[in-house]
Amino acid sequence: MQSVHIKEVILHHTTVSLIAPFTTSFGTMVDKDVCLVEVVDESGVSGWGETVTSNEPYYNEETTATAVYILKEFLIPRLLKQEISHPNVVHDMLSFVRRNNIAKASIETAIWDVFAKKNDTSIAELLGGTQTEIPVGKSIGIQDTPALLVEKVRTFMDEGFKKIKVKIKPGADLEYLNAVREEFPDIPLMADANSAYTLNDIDHLKKLDALNLMMIEQPLSHDDIVDHRILQQELTTPVCLDESVHSLDDARKAIELGSCKVINIKIGRVGGLYESKRIHDLCLEKGIPVWCGGMLETGIGRAHNIQLTTLKNFTIPGDTAPSAHYWKEDIVTPEIVMDHGIIHVPSGDGIGYEVDQEKLSKVLISSERITEVETTHPIPSV
Ligand SMILES: O=C(O)CCC(=O)C1=CC=C[C@@H](O)[C@@H]1C(=O)O
Ligand SMILES: [Mg+2]
């Protein structure tokens, strides 16, 4: 296969507005700055990635501003003008930088895209993905009342979604979930706590077991694996880890300890597609089902999620709702749509969607073209 030789990287700084506020246990998001990373190969072929951070460091330690800084000062200087034989090598090339996984993923995924396009194939093909239809779930933020949540669930079930994820926090959990269950006793339902609880809440969380949830996502601290083991031993509801799993090693430790029975794989959180596939493959080997979480991405990040979800152990619908559920106008063409709860995997090369320059221009603040290494920091060359 043809290598990638990065001639330049263009950082497209944008600000996008969700069509509705999205509330979790750590805050509410409406607008967010997104840096779209365009990697241009010597041949002129471009690949695209995006920073899936938000403007505040409330999900993990990164923000869009920190991701841009790490990209400009460390990651781009390491990759510019380099011969990249396969996107799989980028993970190790960037390992000299600690964590900062969303920054790393924003350029690693762009390299997967440009490499796939240069070799006339899709990212799904390169990863070994076989699924051609992706069942879709819907993530619903915390609502003002249980009745409002019930109506949101009704709307989305009527649209055909295959899974409903409800954000919860203390004071907005059992009453809300019970209201949903009373109205919809059998729908595939899960809850995401975004680390809103502690082991002091075990007796309260055990009440979730009466609700027949698919899973409870990230109930405890964002960087914990040990306490989740203690909680999982007390619950019949499967624990799903999101924020706690930053790498293949974290996934291995969580599985070995019995800290979870499901893992939410997010390309940004684990540093890219290479690590996502490694975690997927470990979970397949250990009998742990996975699904693809969302980070309120634009169509570029959403397209990468779809490519990843073609892998066989993605057996649970992900948070990959169509573009229209997030943006008045998405920046990819065609927009990502759903057909009776299914997204059909596109047949095109790379991410399978094109970036619409005219739509991009409407959210673009500025673009930075980086053609030379400009950092003052020492950057390893091997
Ligand atoms: O993109 C989607 O639809 C899922 C959004 C979502 O649930 C989340 C986005 C970003 C961080 C978190 O708040 C939350 C999650 O934990 O999955
Ligand atoms: Mg989550």
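Conventions used here
Residues numbered from 1 in each chain as written. Chains lettered and ligands numbered in written order. Predicted model: local features only at pLDDT ≥ 70, side-chain atom pairs only at ≥ 80, totals over all residues. Heavy atoms only, no water. Buried < 20%, exposed > 50% of the residue type's maximum accessible area, 1.4 Å probe, protein only. Helix = DSSP H or I, 4+ residues; strand = E, 2+ residues; numbered from the N terminus. Arc of directions from axis to C-beta. Pairing = 2+ DSSP bridges. Contact = heavy atoms within 4.5 Å. Axes fitted to C-alpha atoms, helices over the stretch in contact; angles between N-to-C directions. 1 Å grid on protein atoms, 1.4 Å probe; cavity = no way out; pocket = protein on both sides within 12 Å on 5 of 7 lines; lining within 4 Å. Points joined across faces, edges and corners; volume = space filled by probe spheres on them. Nonpolar A, V, L, I, M, F, W, Y, C, P; charged D, E, K, R; others polar. Domains from an automatic or database assignment. Expected span 1.5 Å × (residues − 1). UniProt positions renumbered as here; feature names shortened; annotations may be inferred. Polar contact = N/O pair within 3.5 Å; in protein donor to acceptor, adjacent residues only side chain to side chain. Near = heavy atom within 4 Å. Areas by Shrake-Rupley, 256 points an atom, 1.4 Å probe, with all protein chains shown as cover. Core = buried A, V, L, I, M, F, W, Y, C linked by side-chain atoms within 4.5 Å. pLDDT = per-residue confidence, 0-100. Salt bridge = Lys/Arg side-chain N within 4 Å of Asp/Glu carboxyl O.

### Notes on helix α8 (residues 226-234)
For α8, the full list of buried residues reads His228, Leu231 and Gln232. The buried side chains of α8 occupy one side of the element, clustering within an arc of 100° when seen end-on. When the buried face of α8 is taken as reference, the exposed residues oriented beyond 90 degrees from it are Val226 and Gln233.

### Considering the sheet that holds strand β12 (residues 290-292)
Within the open sheet, the seven strands sit side by side as β6-β7-β8-β9-β10-β11-β12. Their pairing is parallel. Looking at which strands have only one partner, the edges of the open sheet turn out to be β6 (137-140) and β12. Relative to β12, strand β11 (residues 262-265) is paired through three bridges, and the arrangement is parallel. Bridging across to β12, Ile263 finds its partner in Val290. Here helix α10 (residues 273-286) sits on the sheet in contact with β11 and β12, set at roughly 165° to β11.

### Quick look at the layout of surface pockets
Taken as a whole, the largest pocket spans an internal volume of roughly 780 Å³. The wall of the largest pocket is formed by 44 residues, among which Leu18, Pro21, Phe22, Thr23 and Leu296 lie closest to the centre. Every element with two or more residues in the lining of the largest pocket is listed here: β1 (4-24), β2 (27-41), β6, α5 (146-159) and β7 (163-167). Looking at which element gives the most residues to the lining of the largest pocket, the answer is β1, with seven residues. Across the lining of the largest pocket, the residue classes break down as 17 nonpolar, 14 polar and 13 charged. Split by domain, the lining of the largest pocket shows at least three residues from each of two domains, domain 1 (4-120 + 357-370) and domain 2 (125-355).

### Thoughts on helix α3 (residues 101-118)
The end-to-end C-alpha distance of α3 is 25 Å, a good match for the 26 Å that 18 residues give at a rise of 1.5 Å each. Counting buried residues along α3, 18 of its 18 residues qualify, which places the element largely inside the surrounding structure. Asp120 sits one or two residues past α3 and shows a positive phi near 50°.

### Points about the UniProt feature "active site" (unreviewed entry) in the chain
UniProt annotation of "active site" (unreviewed entry) refers to Lys167 and Lys266 when read in the numbering used here. Put simply, the named residues that line the largest cavity are Lys266. Here Lys167 lies in strand β7. With relative accessibility at 7%, the residue Lys167 sits in the buried group. If near-sequence neighbours (up to four positions away) are discounted, Lys167 is found in contact with Phe22, Thr23, Thr24, Ser139, Ile140, Gly141, Ile142, Ala172, Asp192 and Asn194. A distance of 2.7 Å separates polar atoms of two side chains, one belonging to Lys167 and the other to Asp192. Within the fold, Lys266 resides in the loop between β11 and α10. The class for Lys266 is buried, based on a relative accessible area of 5%.

### Regarding the site of ligand 1
Near ligand 1 lie 16 residues; those nearest to it are Lys167, Asn194, Lys266, Leu296 and Tyr326. Taking Lys165, its side chain carries an N or O atom lying 3.0 Å from an oxygen atom of ligand 1. Between an oxygen atom of ligand 1 and a main-chain N or O atom of Met295, the distance comes to 3.4 Å. Here ligand 1 has 400 Å² of accessible area as a free molecule, and 97% of this is covered by the chains.

### Topic: the nonpolar core
Counting 115 residues, the largest nonpolar core has Ile107 and Ile263 as the members making the most contacts within it. In terms of domain composition, this core takes at least three residues from each of domain 1 (4-120 + 357-370) and domain 2 (125-355). By size, the runner-up hydrophobic cluster in this structure holds six residues, among which are Met215, Cys240, Val262 and Trp291.

### Details of the confidence of the model for the chain
Mean pLDDT over the chain works out to 97, with 100% of the residues at or above the 70 mark. The ipTM, which scores confidence in the relative placement of chains, is 0.95 for this predicted complex, and the corresponding pTM is 0.97.

### Regarding empty space enclosed by the protein
Applying the stated rule across the entire model yields one cavity of 30 Å³ or more. Roughly 120 Å³ of volume is contained in the largest cavity. The wall of the largest cavity is formed by 16 residues, among which Glu50, Val52, Ile267, Gly268 and Gly301 lie closest to the centre. Secondary-structure elements contributing two or more residues to the lining of the largest cavity are β3 (46-50), α3 and α11 (299-308). With four residues, α3 is the largest single contributor of residues to the lining of the largest cavity. Grouping the amino acids of the lining of the largest cavity by side-chain chemistry returns five nonpolar, eight polar and three charged.

### Structural notes on the pattern of salt bridges
Within the structure shown, the criterion is met by 22 salt bridges. Here Arg278 makes a salt bridge to Glu275, at a shortest N to O gap of 2.9 Å. One end of the pair is Arg278 and the other is Glu275, both in helix α10 and three residues apart, which spans about a single turn. Classification of Arg278 by relative accessible area gives partly exposed; the value is 31%. Between Asp281 and Lys277 there is a salt bridge, with its nearest N and O atoms 3.1 Å apart. Of the two residues, Asp281 and Lys277 both sit in helix α10, four residues apart, roughly one turn of that helix. For Lys277, a relative accessible area of 24% translates into the label partly exposed. Sharing partners across several salt bridges, the network here consists of Lys163, Lys165, Lys167, Asp192, Glu217 and Asp319.

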